[in-house]
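Next come the chains, spelled out residue by residue.
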Amino acid sequence: MQKDPQQEIQRDAVLADAEREHHNGQVATPVGNSTALQELPGAEETPFPPVSQASPLTDQSSLAECVVPYRQELMLRGKSNYTVTCFLSDLKMFSDFVGPDTPVGRLSKENLTDWLVKLKYGSGHTAAPKTMARRVTFLKNFFSWLASANAIREDPAASLTLERPLPPLPELLFAEEVHALLEAASEDPRCQCLVYLVLFAGLKKEEVMRLRLHHIDLTDPREPLVTVQFPASTGKQHRERRLPLPPEFANIFRSYQQQYHVGDEVFKCTDRNLNYILARAVKAAEIKKRVTLQLLRDTFAVEQLRSGVSPEALREKLGLSDEAWLESREKYRRLAFPK
């Protein structure tokens, strides 16, 4: 069965938003070929029992029989505990509506839309768009998984349309604000090292946290390099990217090593500590905007596009998958070349 890449990319974008936002759970109601959405209370995050091996599913398997293998699938895909909890909660609600003993092969698009309509008009809540869209994401994720496992012949959720507004654009730093931040960061080599890695190499906060001493290459002080390795959970553990840094980073990093006695871990602290380190520099620079490490990464991406780097080359530098890149590409295009 042919899958719609655009819908898959949109689903992953919604899921990423849901993991970041942790809104209350909500539901969607199809209207024609689009989907209107309504809010329901979200699930609390709970620990999960150990993963167990389930028998192969068929079109006669009940929804109740899908719970364990679906949880296993989500966990093997590296989904967060929050996402697993929400999707399993969605599955329970859907099962309660159509009956937990209903064979998956008998479920149709009408069953899905009837459930969504009931949730839409029976909740009485105002919908928050991101979490509402996650309800459709669950349906598409669950039935796409069943189809890929050959448990069903046709995906009843395939034609559900996921519509979501473009997220608001971040307010980037002006050139003078970047200069002020660099000046403030220069008072502390740890902060300066952090700012350079994100502002001039585009690292994610979690990538900064995973840096080890051997990832910093100062063999040629005129061309410092940082190596970012993909964690095993991404399925890209055999890939890495090497990113150049400005020449002055070599002296900055040596000062940081000497003053902070850096061992194997480049930043031996929590991710919250990284936020505090940056916040102090932002305050000293008297910048009134909300400045985060993600904003510095966004600034890096936009400057790369403005300097002539191709979108595909930028995607590689940022280490984004094809799915994550689609929405990010539009965001960076709008920031770099506003109409």
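Residues numbered from 1 in each chain as written. Predicted model: local features only at pLDDT ≥ 70, side-chain atom pairs only at ≥ 80, totals over all residues. Heavy atoms only, no water.

## Comments concerning the overall build of the protein chain
Turning to step 1, where the next piece is worked out: From N to C terminus, the protein chain includes 13 helices and 5 strands.
Turning to step 2, where the next piece is worked out: A total of 339 residues make up the protein chain; the buried ones form 45% of that total.
Turning to step 3, where the next piece is worked out: In the protein chain, once contacts between residues fewer than 6 apart in sequence are set aside, the share between residues at least 24 apart is 68%.
Turning to step 4, where the next piece is worked out: Carbon and sulfur atoms make up 50% of the accessible area of the protein chain, which amounts to about 17800 Å² in all. (Helix = DSSP H or I, 4+ residues; strand = E, 2+ residues; numbered from the N terminus. Buried < 20%, exposed > 50% of the residue type's maximum accessible area, 1.4 Å probe, protein only. Contact = heavy atoms within 4.5 Å. Areas by Shrake-Rupley, 256 points an atom, 1.4 Å probe, with all protein chains shown as cover.)

## Quick look at the pattern of salt bridges
Opposite charge on two side chains permits pairing when their charged atoms draw close.
Turning to step 1, where the next piece is worked out: On inspection of all chains with the given rule, the structure shows 12 salt bridges.
Turning to step 2, where the next piece is worked out: When the shortest N-O distance is used, the salt bridge between Glu316 and Arg315 registers 2.7 Å.
Turning to step 3, where the next piece is worked out: On the accessibility criterion, Arg315 (9% relative accessible area) is buried.
Turning to step 4, where the next piece is worked out: Each of Glu312, Arg315 and Glu316 takes part in salt bridges that share partners, so that together they form one network. (Salt bridge = Lys/Arg side-chain N within 4 Å of Asp/Glu carboxyl O.)

## Examining the sheet that holds strand β5 (residues 240-244)
Turning to step 1, where the next piece is worked out: An order of β3-β4-β5 is seen for the 3 strands of this open sheet, with the pairing classed as antiparallel. If you trace the sheet from one side to the other, it starts and ends with β3 (216-217) and β5, each paired once.
Turning to step 2, where the next piece is worked out: Across 5 bridges, the pairing between strand β4 (residues 225-229) and β5 is antiparallel. Its bridge partner lying in β5, Thr227 is registered against Arg242. (Pairing = 2+ DSSP bridges.)

## Considering the packing of aromatic side chains
Aromatic ring pairs: the centre-centre distance and the angle between the two ring planes describe each pair.
Turning to step 1, where the next piece is worked out: This structure, assessed with the given rule, holds 14 aromatic pairs.
Turning to step 2, where the next piece is worked out: Plain terms: the ring middles of Tyr70 and Phe142 are 5.0 Å apart, the flat faces sit at 80 degrees to each other, and that makes the pair edge-to-face. Here Tyr70, found in helix α2 (residues 63-76), pairs with Phe142, found in helix α5 (residues 129-148); they are 72 residues apart in sequence, far enough to count as distant.
Turning to step 3, where the next piece is worked out: The exposure class of Phe142 is buried, given its relative accessible area of 0%.
Turning to step 4, where the next piece is worked out: Members of the aromatic cluster, each reached through a chain of ring pairs, are Tyr70, Phe87, Phe94, Trp115, Phe138, Phe142, Phe143 and Trp145.
Turning to step 5, where the next piece is worked out: Sitting over the ring of Phe174, Lys289 keeps its end group 3.7 Å from the ring centre. (Phe/Tyr/Trp six-rings, centres within 6.5 Å; stacked < 30°, edge-to-face > 60°. Lys NZ or Arg CZ within 6 Å of the ring centre and 35° of its normal.)

## Notes on the packing of helix α7 (residues 189-199) against helix α11 (residues 293-306)
Turning to step 1, where the next piece is worked out: Running from N to C, α7 and α11 point in directions that differ by 45 degrees, and their axes come no closer than 8 Å. When the axis of α7 is compared with that of α11, the two are oblique. Contacts from Leu194, Val195, Val198 and Leu199 of α7 reach α11 at Leu293, Leu296, Arg297, Thr299 and Phe300.
Turning to step 2, where the next piece is worked out: In terms of residue class, the contact of α7 with α11 is made up of 7 nonpolar, 1 polar and 1 charged. (Axes fitted to C-alpha atoms, helices over the stretch in contact; angles between N-to-C directions. Parallel < 35°, antiparallel > 145°, perpendicular 65-115°, else oblique. Nonpolar A, V, L, I, M, F, W, Y, C, P; charged D, E, K, R; others polar.)

## So, the packing of α7 against helix α10 (residues 271-284)
Turning to step 1, where the next piece is worked out: Taken N-terminus to C-terminus, the directions of α7 and α10 make an angle of 100 degrees; their axes are 10 Å apart at the nearest point. As far as their axial angle goes, α10 and α7 are roughly perpendicular. Residues Arg190, Cys191, Leu194 and Val195 of α7 touch α10, and the partners they reach there are Leu274, Ile277, Leu278, Arg280 and Ala281.
Turning to step 2, where the next piece is worked out: Considered class by class, the residues forming the contact of α7 with α10 number 7 nonpolar, no polar and 2 charged.

## Observations concerning the confidence of the model for the protein chain
Turning to step 1, where the next piece is worked out: When the pLDDT values of the protein chain are averaged, the result is 82; 76% of them are 70 or greater.
Turning to step 2, where the next piece is worked out: For the stretch residues 18-53, pLDDT sits under 50, and the model shows 113 contacts to residues farther than four places along the chain or on other chains. (pLDDT = per-residue confidence, 0-100.)

## Thoughts on helix α6 (residues 175-185)
Turning to step 1, where the next piece is worked out: Among all positions in α6, only Glu177, Val178, Leu181, Ala184 and Ala185 are buried. Angular distribution of buried residues about the axis of α6 spans 125 degrees; they occupy a single face of the element. Opposite the buried face of α6, at more than 90 degrees from it, the exposed residues are Ala175, Glu176 and His179. (Arc of directions from axis to C-beta.)

## Digging into the pairing of β4
Turning to step 1, where the next piece is worked out: When β3 meets β4, the two strands line up antiparallel, connected through 2 bridges. Bridging from a neighbouring strand, Asp217 pairs with Leu225 of β4.

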